[in-house]
Protein chains: 2
Amino acid sequence: MSLQNSPDRPISVHDLEEFCCDVLRRVGVSETDARATADVLVTTDTCGVFTHGTKNLRGYVRRLQAGGLRARAKPRIVAEGPAWAMIDGDSGLGMVTSTFAMRVAMEKAKLTGVGYVGVRNSCHFGAAGFYAALAARENLIGIAVANDIPSVTAPGARGPVLGSNPLAFAVPTGDDRPILMDMATSTVAGGKVFAAAALNQKIPAGWVVDAAGKPTTDPSLFPHTATLTPMAGHKGYGLALLIETLSAIVTGAAMTHQVLSWSFDDPARATNHGAAFIAIDVGAMMSLKEFHARVAHLVREIRSTPRAQDCERVFIPGEMEWERRAQALVSGIELPPDVLASLRGLSELGFKSLLFGA
Amino acid sequence: MSLQNSPDRPISVHDLEEFCCDVLRRVGVSETDARATADVLVTTDTCGVFTHGTKNLRGYVRRLQAGGLRARAKPRIVAEGPAWAMIDGDSGLGMVTSTFAMRVAMEKAKLTGVGYVGVRNSCHFGAAGFYAALAARENLIGIAVANDIPSVTAPGARGPVLGSNPLAFAVPTGDDRPILMDMATSTVAGGKVFAAAALNQKIPAGWVVDAAGKPTTDPSLFPHTATLTPMAGHKGYGLALLIETLSAIVTGAAMTHQVLSWSFDDPARATNHGAAFIAIDVGAMMSLKEFHARVAHLVREIRSTPRAQDCERVFIPGEMEWERRAQALVSGIELPPDVLASLRGLSELGFKSLLFGA
């Protein structure tokens, strides 16, 4: 399968999904797991979060070919109780393991009210928000967190201490657009620094500090000599530590400097990322009708709040992303140049026939 | 009972507790509930978090006398499942209801692995971290959140949208000093702005915006015409919305502008704050010995990280507070002038014999 694309010619969601599935199948991933992975990556692109979508397919494929990611991995529950489970990801794709894990958390929540599922032997899982939204679309509050290689410093430190450990949550609204927040606990996600570097753009001071602990606007220093700053100082540092606890300390996953980079480190070795997923069954606690009405009341209230000067709109978290997605489903996705370059880079890995525009 | 105190003469922890209990008993609070409340407030003072400790006793007493807080309230479970419960606080002291609620969450967690307990008809509960630490001291991860009257704006808005909705967590370490983080989702807690106003000090630009949405350094404008900013912009706004969901939307508590201020509004009316408490029984998921060892490994690693210039130490969240508490238990608490003034202010409420230094 070959896709033609140029920046002024959007790619249809369907074609991009089929492209991802085809690539993944060719490196041994099952149809089901390829579909699950493509769903995460392409949905993320449709939301405009291009740092965490199909741009990363090339890196995942490199690891699948080298064996650090196992194409035929089977994530399995290795321990469980009424409201929790621990999952060994078998060094498979983070998207496959995480989708499985959130579904287990949702099942637990439907039985007991709450489900907490920890994951070890996973890898980079894309956008945390995807899994949170998975829960919300079945009327559960969803929370997803993960650890990563240290790239963020702490107050008083100069080098990396913790990962940019993401936190996402989604709140059901009764339609297919849950309230959705997906945030790094760094001031910005590393992907944004990489994206600026790829585009030869400067970054705002405050995003990273250099080897001396001073702010720098040069994204190319990251991650070799520069370190991300924690969001809101000690608060981001603290939240990242909570996330490390939930996703790695208690799951038995690799912690901090023991995690391998899914993009930089030897692709033949497993990264052993950790993750955790929480689902809360609000329908067990309050009628869904009342819950949705209360959410709708709050949303209306926020939308009608007085606006700051020069501001047209107060957005509900996720609203911007769902609007982009609705547009993409109709008109296709305009992939930015760095994503296109990454997808074209699959040719280095032996996917010549799949090249965009080649 | 009368306490003598001056700023250069610390008050013993025991004496301050007895003072609080005596005051609370005199307004009809039971011995048990007075002890529970004094424990929260005085522990908070020992940790040096004076904005959330005994300084607020005067405000609570005013509401107890006026009836907005019911001295003989009995918080009770009104609905529950295996891993969750909903508690009606019966318009009692937030400290009493919250201690009860976290203990229920801990019981649920010991049975199922995880416990989520929502609370309605509560009031200001002091420092969220107290309840998180309660869980951690029994080897559970503890999380505590609550809503409050809107005092924080949102990106694009100019007035208050959500409360400074606190989030606290504690991770057990195997000793009596859990990793502990207690943060407002505003850039700073409103209490810090009040404290600056009481001391006639300016505040840094960025803490609040004025009625036009512009930064101001005048703390006296808050909360009447100024509004707190969310920490890290849209991230703090998003987290506050998650907290509003967990503590108020699903609990049936008052939401946003329906919450009454525990300090400003008619003390004869119930504030109907919401809160939520989560406990996770790590010992069910991994041997406690291994969990503690993994936490200790991470703590050692963080402590040994290269330090920034002019920085002597990288603190673990909560470390500073536990060190202050250890010192206070030995040497007593040096209450700052605004706390002393507030405690002296109890005389206006008919506690002449209890005056500090009177």
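Enquirer: Report on the interface of chain A and chain B, specifying residues and quantitative values.
Expert: In this complex, chain A contributes 78 residues to the contact, which on the side of chain B involves 78 residues. Per-residue buried area on chain A facing chain B is highest for K235(A), M285(A) and R294(A); these three make up 11% of the total on that side. Our count for the chain A to chain B interface comes out at zero salt bridges. Counting the contacts that link chain A with chain B gives 22 residue pairs in polar contact (both at pLDDT 80 or more). Here the side of chain A that touches chain B takes twelve residues from helix α7 (residues 234-249) of chain A, the largest share from any one element. Residues of the side of chain A that touches chain B, tallied by class, amount to 52 nonpolar, 18 polar and eight charged.

Enquirer: Before we move on, could you go through helix α4 (residues 94-112) of chain A and cite the residues and values that matter?
Expert: Taking 1.5 Å per residue, 19 residues should reach 27 Å; α4(A) reaches 26 Å between its end C-alpha atoms and fits that length. Within α4(A), 14 of the 19 residues are buried, which leaves it mostly tucked inside the rest of the structure.

Enquirer: So, the packing of helix α1 (residues 13-26) of chain A against helix α2 (residues 31-46) of chain A: which residues are in play, and what are the values?
Expert: Residue and element names in this part refer to chain A. α2 packs onto α1 with a crossing angle of 140° between their chain directions and a minimal axis gap of 8 Å. Classified by the angle their axes make, α1 and α2 are oblique. For α1 against α2, the interelement crossing comes out right-handed. Here V13, L16, E17, E18, C20, C21, L24 and R25 of α1 lie close against α2, whose contacting residues are E31, A34, R35, T37, A38, V42, D45 and T46. Grouping the amino acids of the contact of α1 with α2 by side-chain chemistry returns eight nonpolar, two polar and six charged.

Enquirer: How would you sum up the side chain of T185(A)? Please name residues and give values.
Expert: Residues and elements named next belong to chain A. Mapped onto the elements of the fold, T185 is located in the loop between β6 (179-183) and α6 (190-198). Exposure remark for T185: the relative accessible area of 1% places this residue in the buried category. From its side chain, T185 meets the backbone oxygen of N165 in a polar contact 2.9 Å long. The contacts of T185, once residues within four sequence positions are left out, are G163, S164, N165, P230, M231, G236, L239, A240 and I243.

Enquirer: Describe the pattern of salt bridges, with residues and values.
Expert: One pass over the structure, following the stated rule, counts 28 salt bridges over all chains. R25(B) is paired through a salt bridge with E31(B); the nearest N and O atoms lie 2.7 Å apart. Residue classification places E31(B) among the partly exposed residues on the basis of a relative accessible area of 37%. A cluster of three or more residues bridged by salt bridges with shared partners is formed by E18(A), D22(A), R25(A), R26(A), E31(A) and R35(A).

Enquirer: Help me get a handle on the pairing of strand β3 (residues 114-122) of chain B, residues and values and all.
Expert: All names here are of chain B. Most of β3 sits inside the fold, with seven of its nine residues counted as buried. Of the pairings in the sheet, the one linking strand β2 (residues 84-88) to β3 comprises five bridges and is parallel in character. When the sheet's bridge partners are listed, A85 is paired in β3 with V117. Each parallel crossover has a hand, and the one from β2 via helix α4 (residues 94-112) to β3 is right-handed. Two strands pair when backbone bridges link them, and β3 and strand β10 (residues 273-280) are joined in this way by seven bridges, in the antiparallel orientation.

Enquirer: So, the sheet that holds strand β9 (residues 227-228) of chain B: which residues are in play, and what are the values?
Expert: Residues and elements named next belong to chain B. Spatial ordering of the open sheet is given by β8-β7-β9, a layout of three strands whose pairing is antiparallel. Of all the strands in the sheet, the pair left with one neighbour each is β8 (215-216) and β9. Two strands pair when backbone bridges link them, and strand β7 (residues 208-209) and β9 are joined in this way by two bridges, in the antiparallel orientation. By the bridge assignment, V209 is partnered in β9 with T227.

Enquirer: So what's going on with the relation of the copies chain A and chain B? Which residues, and what values?
Expert: Expressed as a screw transformation, the operator carrying chain A onto chain B has a rotation angle of 180° and an axial translation of 0.0 Å, and the superposed copies differ by an RMSD of 0.0 Å. Overall, the copies show the geometry of a two-fold rotation axis. Closest approach to the rotation axis within chain A is made by the C-alpha atom of A232(A), at a distance of 2.7 Å. A shared interface surface links the copies, since 100% of the contact residues of chain A are contact residues in chain B too.

Enquirer: Just give me the short version of the sheet that holds strand β7 (residues 208-209) of chain A, but keep the residues and values in it.
Expert: Residue and element names in this part refer to chain A. With antiparallel pairing, the three strands of this open sheet are ordered in space as β8-β7-β9. Either end of the sheet is taken by a strand with one partner, and the two such strands are β8 (215-216) and β9 (227-228). Two strands pair when backbone bridges link them, and β7 and β8 are joined in this way by two bridges, in the antiparallel orientation. Its bridge partner lying in β8, V208 is registered against T216.

Enquirer: Go over the environment of K214(B) with me, naming the residues and quoting the values.
Expert: Turning to its location among the elements, K214(B) is positioned in the loop between β7 and β8. Assessed through its relative accessible area of 46%, K214(B) is described here as partly exposed. When the C-alpha positions of K214(B) and T245(B) are compared, they lie 29 Å apart, and in sequence the two are 31 residues distant. Ignoring anything within four residues of it in the chain, the contact list for K214(B) reads Q309(A), V208(B) and V209(B).

Enquirer: Give a description of helix α5 (residues 128-136) of chain A that names residues and reports values.
Expert: Counting buried positions along α5(A) gives nine out of nine residues, so the element sits mostly inside the fold. Of all the residues in α5(A), the buried ones are A128(A), G129(A), F130(A), Y131(A), A132(A), A133(A), L134(A), A135(A) and A136(A).

Enquirer: Let's hear about the environment of G332(B): which residues, and what values?
Expert: Residues and elements named next belong to chain B. With respect to the element layout, G332 can be found in the loop between α10 (319-331) and α11 (337-344). Between the C-alpha atom of G332 and that of A170, which follows or precedes it by 162 residues, the distance is 25 Å. Here G332 is in contact with P10, I11, S12 and Q327, once residues within four sequence places are set aside.

Enquirer: Can you lay out the domain arrangement of chain A for me, pointing to particular residues and giving the numbers?
Expert: Residue and element names in this part refer to chain A. Along its sequence, chain A is carved into domain 1 (13-69 + 326-354) and domain 2 (187-229). If you average the C-alpha positions of domain 1 and of domain 2, the two centres end up 26 Å apart. In this assembly, domain 1 packs against domain 2 so that about 310 Å² is buried in total across both faces, 79% of it on carbon and sulfur atoms. At the junction of domain 1 with domain 2, the criterion picks out zero salt bridges. On inspection of domain 1 and its partner domain 2, the count reaches zero residue pairs in polar contact (both at pLDDT 80 or more). Looking at the side of domain 1 that touches domain 2, its residues break down into no nonpolar, two polar and two charged.

Parameters and conventions
- Residues numbered from 1 in each chain as written.
- Chains lettered and ligands numbered in written order.
- Predicted model: local features only at pLDDT ≥ 70, side-chain atom pairs only at ≥ 80, totals over all residues.
- Heavy atoms only, no water.
- Contact = heavy atoms within 4.5 Å.
- Buried area = accessible area lost by both parts, 1.4 Å probe.
- Salt bridge = Lys/Arg side-chain N within 4 Å of Asp/Glu carboxyl O.
- Polar contact = N/O pair within 3.5 Å; in protein donor to acceptor, adjacent residues only side chain to side chain.
- Helix = DSSP H or I, 4+ residues; strand = E, 2+ residues; numbered from the N terminus.
- Nonpolar A, V, L, I, M, F, W, Y, C, P; charged D, E, K, R; others polar.
- Expected span 1.5 Å × (residues − 1).
- Buried < 20%, exposed > 50% of the residue type's maximum accessible area, 1.4 Å probe, protein only.
- Axes fitted to C-alpha atoms, helices over the stretch in contact; angles between N-to-C directions.
- Parallel < 35°, antiparallel > 145°, perpendicular 65-115°, else oblique.
- Left-handed = near helix turned anticlockwise from the far one by under 90°.
- Pairing = 2+ DSSP bridges.
- Right-handed = clockwise from strand over helix to strand, strands pointing away.
- Least-squares fit on C-alpha atoms with pLDDT ≥ 70 in both.
- Domains from an automatic or database assignment.

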